[in-house]
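Descriptive analysis of the structure
Next come the chains, spelled out residue by residue.
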Amino acid sequence: MNSPHYILLPVSSFFIAVSLALAFFLNFLPWGRAVGVPDFVALVLVFWSIHQPRKVGIGVAFMMGLLMDVHDATHLGENALTYTLLSYFAITIHRRVLWFKPLTQSLYVLPLFLFAQAVQIAVRLIVAQDSIFPGWLYFVESLVTTALWPIASWLLLAPQRRAVDRDDTRPI
C-alpha cells in the first residue's frame, strides 16, 4: 500500500559532475527552433540545488551559465544570471520541497522555471532594442521541463537508494 521510504546513501561529487556534464551535452543536441525543448541544465541544476545545496550552489550555476552562454552564443551573462537566480531560489525552497513526492515537487519547481524564462526574455528585451516578445508559446519549455521533474528525480536518486529487502550478502 505505502511506497517504501528510502534511506539515501551520500551522493558522490563525481556523480553530480557527470550528471551536470550529461545535461550540458543534452543541451547540445540539434533541436533547432523546436517549441518545448527542455533546458536540461536548468533541470539538473535545480534538482541538485534542492537535494544537495552545499555541493551545487550559486557558483556552480554561474559557471554552467557561462558555459551555456558560450554554447548558445547569447549575450554573455544571460544564462549565467538566469541559472544563478534559479539556483538561489531553489536553495531557498529546498527544505519545503523535500517533504513531498516528486510529482508534487513539480508544482514547486514550475514557478522557478517560468521565472527563469521570464528573466531570459527580460534580458533580451532590455539589451537588444530591436527584439520582440516571442509569444506565450515560448513558455511551453517550462512546462516540459517541469513534466520531466519526476523522471529526473527517479534517475538522479537511483544510485543513492539502498535495497528495500536487505539480506546478509549485501554490504549495505
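Quantities reported herein were computed from a predicted structural model and do not represent experimental measurements. As a convention, each chain's residues are numbered from 1 in the sequence order in which they are written. Residue-level local features of this predicted model are given only where pLDDT is at least 70; pairs of side-chain atoms are given and counted only at 80 or more, and the full residue set underlies all totals for whole chains, interfaces and linings. In computing side-chain properties, one takes all heavy atoms of the structure into account and sets aside hydrogens as well as water.

1. Comments concerning the overall build of the protein chain
Filter applied, for reference: Secondary structure follows DSSP: runs of H or I at least 4 residues long count as helices, runs of E at least 2 residues long count as strands, and numbering of each begins at the N terminus. We call two residues in contact whenever any of their non-hydrogen atoms come within 4.5 Å of each other. Calculation of accessible area relied on Shrake-Rupley with a 1.4 Å probe; when residues are assessed, cover is drawn exclusively from the protein chains displayed.
Assigned secondary structure in the protein chain consists of eight helices and zero strands. A separation threshold of at least 6 residues defines the contact pool for the protein chain, and within that pool the share at least 24 residues apart is 68%. Summed over all atoms, the accessible surface of the protein chain reaches about 10,600 Å², with 69% contributed by carbon and sulfur.

2. Thoughts on the nonpolar core
Definition in use: For the purposes of this section, nonpolar cores are sets of buried Ala, Val, Leu, Ile, Met, Phe, Trp, Tyr and Cys residues that join through side-chain atoms within 4.5 Å. For each residue, the accessible area found with a 1.4 Å probe, counting protein chains only, is set against the maximum for its type, and the residue is called buried under 20%, exposed over 50%, and partly exposed in between.
Val41, Leu45, Val46, Trp48, Tyr83 and Leu86 are the most contacted members of the largest nonpolar core, which has 32 residues in total. Among the secondary structure elements, those contributing two or more residues to this core are helix H1 (13-26), helix H2 (40-51), helix H3 (58-72), helix H4 (78-92), helix H6 (102-127) and helix H8 (149-157). No other element matches the 10 residues that H2 contributes to this core.

3. Some details on the packing of aromatic side chains
Heads up, the rule is: Put simply, two rings from Phe, Tyr or Trp (the six-membered ring, in Trp's case) pair if the centres are within 6.5 Å, and we call them stacked under 30 degrees between planes, edge-to-face over 60, tilted for the rest.
The tally for this structure, following the rule as stated, stands at 12 aromatic pairs. The interplanar angle of 55° and the centroid separation of 6.0 Å between the aromatic rings of Phe24 and Phe25 together place this pair among those described as tilted. Overall, Phe24 belongs to the buried group, its relative accessible area being 12%. Ring geometry for Phe100 versus Tyr108: centroids 5.3 Å apart, planes at 20°, classification stacked.

4. Digging into the pattern of salt bridges
What counts is decided by this rule: By convention in these notes, a salt bridge is any Lys or Arg side-chain nitrogen within 4 Å of a carboxyl oxygen on Asp or Glu.
The full count for this structure, using the stated rule, is one salt bridge. Its salt-bridge partner being Arg124, residue Glu78 comes within 2.8 Å of it at the nearest N-O pair. Taken together, the residues Glu78 in helix H4 and Arg124 in helix H6 connect sequence positions 46 residues apart. Glu78 gets classed as buried once you look at its relative accessible area, which sits at 2%. Take Arg124: its relative accessible area is 30%, and that puts it in the partly exposed class.

5. Comments concerning the side chain of Asp39
This is how the line gets drawn: Charged residues are defined narrowly, with Lys and Arg counted positive, Asp and Glu counted negative, and His plus the chain ends left uncounted. Pairs of N or O atoms within 3.5 Å make up the polar contacts considered here, provided that, within protein, one atom can donate a hydrogen while the other can accept it, and that residues adjacent in sequence are counted only when both atoms are side-chain atoms.
Among the secondary structure elements, Asp39 is positioned in the loop between H1 and H2. No salt bridge is formed by the buried Asp39; its nearest oppositely charged neighbour, Arg124, is found at 8.6 Å. Within polar-contact distance, the side chain of Asp39 engages the side chain of Asn27 at 2.8 Å.

6. A short note on the packing of H3 against H4
When two helices pack together, their arrangement is given by the angle between the helix axes and the distance between those axes. Rule in force here: Only the contacting stretch of a helix is used when fitting its axis, a line to C-alpha atoms as for every element, and angles between N-to-C directions run 0 to 180 degrees. Oblique is the label for any angle not covered by the other classes, which are roughly parallel (under 35 degrees), roughly antiparallel (over 145) and roughly perpendicular (65 to 115). Crossing handedness follows the turn of the near helix against the far one: under a right angle anticlockwise gives a left-handed crossing, and clockwise gives a right-handed one.
Running from N to C, H3 and H4 cross one another at 150°; their axes reach a closest spacing of 7 Å. By the angle class used here, H3 and H4 are roughly antiparallel. Here the hand of the crossing between H3 and H4 comes out right-handed. Between H3, through Ile58, Ala61, Phe62, Met64, Gly65, Leu66, Met68, Asp69 and Asp72, and H4, the contact on the second element is made entirely by Glu78, Asn79, Ala80, Tyr83, Thr84, Ser87 and Tyr88.

7. Structural notes on the environment of Ser142
Mapping Ser142 onto the fold places it in helix H7 (residues 140-147). Other than its neighbours up to four places away in sequence, Ser142 contacts Leu110, Phe113, Leu114 and Gln117.

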